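# Summary of structural features
Chain by chain, the residues:
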Amino acid sequence: DVKVTQSSRYLVKRTGEKVFLECVQDMDHENMFWYRQDPGLGLRLIYFSYDVKMKEKGDIPEGYSVSREKKERFSLILESASTNQTSMYLCASNPGQGKSGANVLTFGAGSRLTVL
Amino acid sequence: AQSVTQLDSHVSVSEGTPVLLRCNYSSSYSPSLFWYVQHPNKGLQLLLKYTSAATLVKGINGFEAEFKKSETSFHLTKPSAHMSDAAEYFCVVSEVSGGTSYGKLTFGQGTILTVHP
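These figures come from a predicted structure and were not determined experimentally.

The rules behind these values
- Residues numbered from 1 in each chain as written.
- Chains lettered and ligands numbered in written order.
- Predicted model: local features only at pLDDT ≥ 70, side-chain atom pairs only at ≥ 80, totals over all residues.
- Heavy atoms only, no water.
- pLDDT = per-residue confidence, 0-100.
- Helix = DSSP H or I, 4+ residues; strand = E, 2+ residues; numbered from the N terminus.
- Contact = heavy atoms within 4.5 Å.
- Buried area = accessible area lost by both parts, 1.4 Å probe.
- Salt bridge = Lys/Arg side-chain N within 4 Å of Asp/Glu carboxyl O.
- Polar contact = N/O pair within 3.5 Å; in protein donor to acceptor, adjacent residues only side chain to side chain.
- Nonpolar A, V, L, I, M, F, W, Y, C, P; charged D, E, K, R; others polar.
- Buried < 20%, exposed > 50% of the residue type's maximum accessible area, 1.4 Å probe, protein only.

## Regarding the confidence of the model for chain B
- When pLDDT is averaged across chain B, the result is 89; 91% of the residues are at 70 or more.
- Looking across chain B, the model is least confident in strand S11 (residues 105-107) of chain B, with a mean pLDDT of 87, and most confident in strand S3 (residues 19-21) of chain B, with 98.

## A look at the interface of chain B and chain A
- With 22 residues of chain B at the interface, the matching set in chain A holds 24 residues.
- Around 1,800 Å² of area is buried between chain B and chain A when both sides are counted, 55% of it from carbon and sulfur atoms.
- Seen at the junction of chain B and chain A, the total is 0 salt bridges.
- Taken together, the links from chain B to chain A amount to 2 residue pairs in polar contact (both at pLDDT 80 or more).
- Secondary-structure elements contributing two or more residues to the side of chain B that touches chain A are strand S5 (31-38), strand S6 (44-50), strand S10 (87-95) and S11 of chain B.
- Per-element tally for the side of chain B that touches chain A: the top contributor is S5(B), with 4 residues.
- Counted by class, the side of chain B that touches chain A contains 8 nonpolar, 11 polar and 3 charged residues.

## Remarks on the environment of A:Lys13
Residues and elements named next belong to chain A.
- Here Lys13 shows up in strand S2 (residues 10-13).
- Of the residues examined, Lys13 reaches a relative accessible area of 24% and is grouped as partly exposed.
- It is 24 Å that separates the C-alpha atoms of Lys13 and Gly40, two residues lying 27 residues apart in sequence.

This is the structure:
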């Protein structure tokens, strides 16, 4: 089974702190994604990466950055956390163009971040 | 640009009765469409997907969805609800425009399904 592991299930941070959310997948997937999930808004794409060191902005990138130094790991960074970034963060991956299950996402369990 | 609208934020049914979760989409190209389910405190799981083969798609746990291009709809149905179906359901669209889409998906707002005994 494809596994997407998010390192922290629950985090509580203070306004202005730098926050790292880590995500690791173990199936050699090309593409990795960070979404945030808020009630009534569904999932909104923050950033995605289609290769090592490659990244593209999603629909709501403001206040976030990402890092993909290795294929299996995709990190989401909040440089200076704010209360409006309190949310559930979901990491996902998929195999990539031309591969079996190319655009089917496999999700991690999520990281619930509270910013005080 | 692609978009997806789930017409009901909440649906409530009795156990053993049919389930209908409605989804309309907008897409400039031939879309791929998905339904994902999220049980409480669990990750999202793929229920089914449509990728331009048969218009009636069967998924896991007895769910199915029909792609209707003329109505731009992809409604999710199940003949008989079970208590374990209580969850939040997301309709998702992915565009493939000839180039690479990188599997970038657009999610609907979600429909919470409640199943009463």
